[in-house]
Amino acid sequence: MFPLQRNRRLRNSSAIRLLVQENNISVTDFIVPLFVVEGKNIKEEITSMPNYYRFSLDLLVSEVKEIWDLGLRSVLIFVKVPESLKDNEGTEALNNSGLMQRAIRKIKEITPEMVVMTDVALDPYSSYGHDGIVENGYVVNDKTVAVLAKMSLSHAQAGADFVAPSDMMDGRIESIRLELEDAGFFNTGIMSYSAKYASAFYGPFRDALDSAPGFGDKKTYQMNPANRKEAISETLLDIQQGADIVMVKPGLAYLDIIRDLANETETPIAVYQVSGEYAMLKAAAEKGWLNHDEIMMEQLLAFKRAGASLIASYFAKDVAKLLK
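An account of the accompanying structure is given in this report. (Residues numbered from 1 in each chain as written. Predicted model: local features only at pLDDT ≥ 70, side-chain atom pairs only at ≥ 80, totals over all residues. Heavy atoms only, no water.)

1. Focus: the packing of helix α8 (residues 255-264) against helix α10 (residues 292-306)
Two elements in contact, α8 and α10, have axes whose closest approach is 8 Å; the angle formed by their N-to-C orientations is 30°. In terms of orientation, α8 and α10 fall into the roughly parallel class. Touching Leu255, Ile258, Arg259 and Ala262 of α8 are Ala302, Phe303, Arg305 and Ala306, all from α10. Split into classes, the residues belonging to the contact of α8 with α10 amount to six nonpolar, no polar and two charged. (Axes fitted to C-alpha atoms, helices over the stretch in contact; angles between N-to-C directions. Helix = DSSP H or I, 4+ residues; strand = E, 2+ residues; numbered from the N terminus. Parallel < 35°, antiparallel > 145°, perpendicular 65-115°, else oblique. Contact = heavy atoms within 4.5 Å. Nonpolar A, V, L, I, M, F, W, Y, C, P; charged D, E, K, R; others polar.)

2. Observations regarding the environment of Ser192
Of note, Ser192 is situated in strand β9 (residues 189-196). A sequence separation of 69 residues divides Ser192 from Leu261, and the C-alpha atoms of the two residues are 13 Å apart. Once residues lying within four places of it in the same chain are set aside, the contact partners of Ser192 are Pro165, Arg172, Ile173, Asp238, Ala243, Ile245, Val246 and Met247.

3. Quick notes on a nonpolar patch on the surface
A cluster of nonpolar residues, Leu10, Leu19 and Val20, forms a patch on the protein surface that exposes about 310 Å² of accessible area. Overall, Val20 belongs to the partly exposed group, its relative accessible area being 39%. (Patch = residues over 30% accessible without salt bridge, like charges linked within 9 Å, V, L, I, M, F, W, Y side chains within 5 Å. Areas by Shrake-Rupley, 256 points an atom, 1.4 Å probe, with all protein chains shown as cover. Salt bridge = Lys/Arg side-chain N within 4 Å of Asp/Glu carboxyl O. Buried < 20%, exposed > 50% of the residue type's maximum accessible area, 1.4 Å probe, protein only.)

4. Quick word on the packing of aromatic side chains
Evaluation of the coordinates by the stated rule reveals 13 aromatic pairs. Consider the rings of Tyr52 and Tyr278, whose centres lie 5.9 Å apart with planes at 75°: the pair is edge-to-face. Placement of Tyr52 in strand β3 (residues 49-56) and of Tyr278 in helix α9 (residues 275-286) is noted, with a sequence separation of 226 residues between them. Each member of the pair, Tyr52 as well as Tyr278, carries the same accessibility label: buried. Look at Tyr53 and Phe55: their rings are 6.2 Å apart centre to centre, the planes differ by 50°, and that puts the pair in the tilted class. The partly exposed category is assigned to Tyr53, whose relative accessible area is 23%. On the accessibility criterion, Phe55 (6% relative accessible area) is buried. Through a chain of ring-to-ring contacts, the aromatic side chains of Phe35, Tyr52, Phe78, Tyr193, Tyr272, Tyr278, Tyr314 and Phe315 assemble into a single cluster. The ring of Trp68 carries the charged tip of Arg73 above its face, separated from the ring centre by 3.6 Å. Across the ring face of Tyr272, the terminal group of Lys249 is positioned such that the distance to the ring centre comes to 4.5 Å. (Phe/Tyr/Trp six-rings, centres within 6.5 Å; stacked < 30°, edge-to-face > 60°. Lys NZ or Arg CZ within 6 Å of the ring centre and 35° of its normal.)

Limitation: the analysis is restricted to geometry and does not speak to function.
Right, dumping it as structure tokens:
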């Protein structure tokens, strides 16, 4: 007696498999991280992130045009701030003529329809390399939140579509939302890093921005990798306070968190496939141990299957070219 239901019938050919495929990858799923530096004619490869670069504003122009031509429609800006401009209060973060603000305006000038998202945190501007103001060896919350709100407003004034607070301070979403509303920026969105874990996967990113903490670590404000229910609590609070998109970071090691949040809320969920995830695959592929494109697509499908709507990924251009 043979089974009446044979699941393999739906796997018999490529056409059938595509017909019943539950999740798909599209270029419009992606947010492209961009690293920006001061200077001219600079395109520096990040040593620990092969084929990924820091750009000066003049060369950012052609990069953004290529991104747009590939069908990618969103970028997330990070800036590498000169040491001479760093302090404990994040003063340069509020400079309306600062690198971040100029980068926003430049991208909007080149591609007005590009969705521009901006990193909101003090670590690139901090003389201590932390995401907030340091007092007596501790990153203080409320003083930091006040600066983050002003920083967000500065980004909105420059033309950002979304601000993306990545600091994990308590109450910052509400403070940012109120700051934007009071200034009339009702349509500026907030993509909150709601479940950002104190992960060891961030190393190459900190090389990219020279933003490693000068002392200690970030475990008093980023989440404990051992915790799961806490991520739901953090995320629901952010949504209540005005977050339009919520994010899980890192990605692959936290698929359960993505699924938990997808079960709990209808708010769009982004996942950040972080620098360590990128670097590992690049290194393994270079050694010939893994097939780069097949593993890349499998990992990205895992994010979609878990419930992510958006993916911030250093692979975005690779995927766009592959799909094209």
